[in-house]
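Here are the chains, one letter per residue:
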Amino acid sequence: MWGGRFSGKPAELMQAINVSIGFDKRLAAQDLAGSRAHAAMLRKAGVISSEDEAAIQGGLAQIEAEIAAGTFPFRDEYEDIHMNVEARLRELIGPAAGRLHTARSRNDQVALDFRMWVRDACDRTAAQIKALQRALLAKAEAHAGTVMPGFTHLQPAQPVTFGHHLMAYVEMFGRDADRFADARTRMNESPLGAAALAGSPFPIDRQMTAEALGFARPTANSLDSVADRDFALESLAAASICATHLSRLAEEIVIWMTPQFGFVKLSDAFTTGSSIMPQKKNPDAAELVRAKAGRMLASFTQLSVVMKGLPLTYSKDMQEDKVPTFEAFDALELSLLAMAGMVADLEPNADAMAKAAGAGFSTATDLADWLVRELDLPFRDAHHVTGAAVKRAETLGCDLAGLPLGELQALDGRISAAIYDVLTPQASVASRRSYGGTAPDQVRAQVERWKEKLA
């Protein structure tokens, strides 16, 4: 394609390091869509004839059919998807194929293709996040009243419900979906027509091609159009945060499945066995989701390092933008699908959760709150009395609900038997009626809110 300037062929090593068709053929659909829109615009602008456009569109349709059928001859000698398509187009329709590249460069062509691919990936990911949220909602609704321990520092803190715990992840993944939507809005500008870096002297209509390709508008600066990879970086940042959330839920599933917790079970569909220990049932799907977060984080870092310090506009370094982005979205999409499957599959052990919910003096805060409400103690004083009650219960080897009334009255003579009404995990959970709290009615209200939001 640059034979007029060069008289020799590239060295084999140059070809090996330069060729990208092995991975950028994934941009074929976007490349063909961009070429179709560009050809139609060139014809309308009077830059090419109707006959040439018809030949180009016909050739592009045949190439699309060959790619779909798996018969397209991808060739390393043509380096990338753009030149592979153009070379094949010339084989099919002759010299008219050479007119397609009028008023564009591979610089704006790859910026367009890659932006469209990332835009599509954001749409797919958002849909998969919503599917995961729906799985969480279904499980949360079924267990809005199932009591379990809430943790801080992985130590029993206060009782909550399993439904409330799952709804925390619905909120997290909702923010993830919003981040992808925000990124999509910012990337929805078409760089096509920026050409190599300076724009085009031909009477092109960039608004026409932008609209044809589903963009809100064309990009406003030709230099930025070909130099920008913010859209990929921002999407990878969103993917990294989403993967972090997935890893947190995956870690909890791993912990909950241990015999020491025994909070949930996964079926054979999402577990594996051991080659040597017949009793094992390992939550490998959760462990792999947990691990794949590293791939997303590494991809974001990798592309950030590629782009760091690059002068305007295009440098060949930017060819290294696609592999980490492709890998990150592949891993994220698989992780989201696997997690949605696990959430739908897992069955909580309500008895084990309820038993653990009362451990570790988890209703101590409820005791302190009762002292504030009923005896008008300042909270700090109530906190001190409750701490002494916990210490006494620990000495006697009982929980707070089992502490004799006389022991409590020794701490404050005004304490009555009514205090025992707040010292069970069930009573604790039911009392947390503030907006966003763990009371079952509050959990059900949040489930309904999210159902409407996702409808």
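See the structure above.
Because the structure is predicted, anything quoted here is derived from the model rather than measured. (Residues numbered from 1 in each chain as written. Predicted model: local features only at pLDDT ≥ 70, side-chain atom pairs only at ≥ 80, totals over all residues. Heavy atoms only, no water.)

**Student:** Looking at this structure, how should I read the overall build of the protein?
**Tutor:** Helix and strand content of the protein: 18 helices and 6 strands. A compact globule built from 455 residues would reach a C-alpha radius of gyration of about 23 Å, whereas the protein, at 30 Å, exceeds it by more than 25%. Within the protein, the fraction of its 455 residues that count as buried is 47%. Within the protein, residue pairs in contact and separated by at least 24 positions form 73% of the contacts whose partners lie at least 6 positions apart. Looking at the protein as shown, the accessible area adds up to about 21,300 Å², and 54% of this sits on carbon and sulfur atoms. (Helix = DSSP H or I, 4+ residues; strand = E, 2+ residues; numbered from the N terminus. Rg over C-alpha atoms; globule rule 2.2 N^0.38 Å. Buried < 20%, exposed > 50% of the residue type's maximum accessible area, 1.4 Å probe, protein only. Contact = heavy atoms within 4.5 Å. Areas by Shrake-Rupley, 256 points an atom, 1.4 Å probe, with all protein chains shown as cover.)

**Student:** Would you mind showing me how to read unusual backbone geometry here?
**Tutor:** The phi torsion of most residues other than glycine is negative, and most of the peptide bonds are trans. Between L312 and the following residue, T313, the backbone shows a cis peptide bond with an omega angle of 5°. Tracing the backbone through its elements, the reader meets T313 in the loop between α11 (284-307) and α12 (322-345). Positive phi values are uncommon outside glycine, yet A103 reaches one of about 70°. Mapped onto the elements of the fold, A103 is located in the loop between α5 (81-93) and α6 (106-142). For A103, a relative accessible area of 10% corresponds to the buried category.

**Student:** Would you mind going over a nonpolar patch on the surface with me for this structure?
**Tutor:** Side chains of L197, L223 and L312 sit close together on the surface and give an oily, nonpolar patch of about 270 Å² of accessible area. Residue placement: L197 occurs in the loop between β3 (189-190) and α8 (206-212). (Patch = residues over 30% accessible without salt bridge, like charges linked within 9 Å, V, L, I, M, F, W, Y side chains within 5 Å. Salt bridge = Lys/Arg side-chain N within 4 Å of Asp/Glu carboxyl O.)

**Student:** What exactly am I supposed to notice about helix α14 (residues 364-375) here?
**Tutor:** Given 3.6 residues per turn, any residue in an α-helix points the same way as the ones three and four places further on. With 12 residues, α14 ought to run about 16 Å at 1.5 Å a step, and its terminal C-alpha atoms sit 16 Å apart, in line with that. Looking only at α14, the buried set comprises A364, D366, L367, A368, W370, L371 and L375. Close packing links the buried residues of α14 with α15 (379-396), α16 (405-409) and α17 (425-431). After α14 finishes, the residue D376 shows a positive phi value of roughly 60°. (Expected span 1.5 Å × (residues − 1).)

**Student:** Sorry, what's going on with the packing of α6 against helix α7 (residues 162-187) here?
**Tutor:** When two helices pack together, their arrangement is given by the angle between their axes and by how far apart the axes lie. Two elements in contact, α6 and α7, have axes whose closest approach is 9 Å; the angle formed by their N-to-C orientations is 165°. With respect to their mutual orientation, α6 and α7 come out roughly antiparallel. The crossing of α6 and α7 is left-handed. Per-class residue counts for the contact of α6 with α7 are 16 nonpolar, 4 polar and 7 charged. (Axes fitted to C-alpha atoms, helices over the stretch in contact; angles between N-to-C directions. Parallel < 35°, antiparallel > 145°, perpendicular 65-115°, else oblique. Left-handed = near helix turned anticlockwise from the far one by under 90°. Nonpolar A, V, L, I, M, F, W, Y, C, P; charged D, E, K, R; others polar.)

As far as function goes, none of this settles anything; it's purely spatial.
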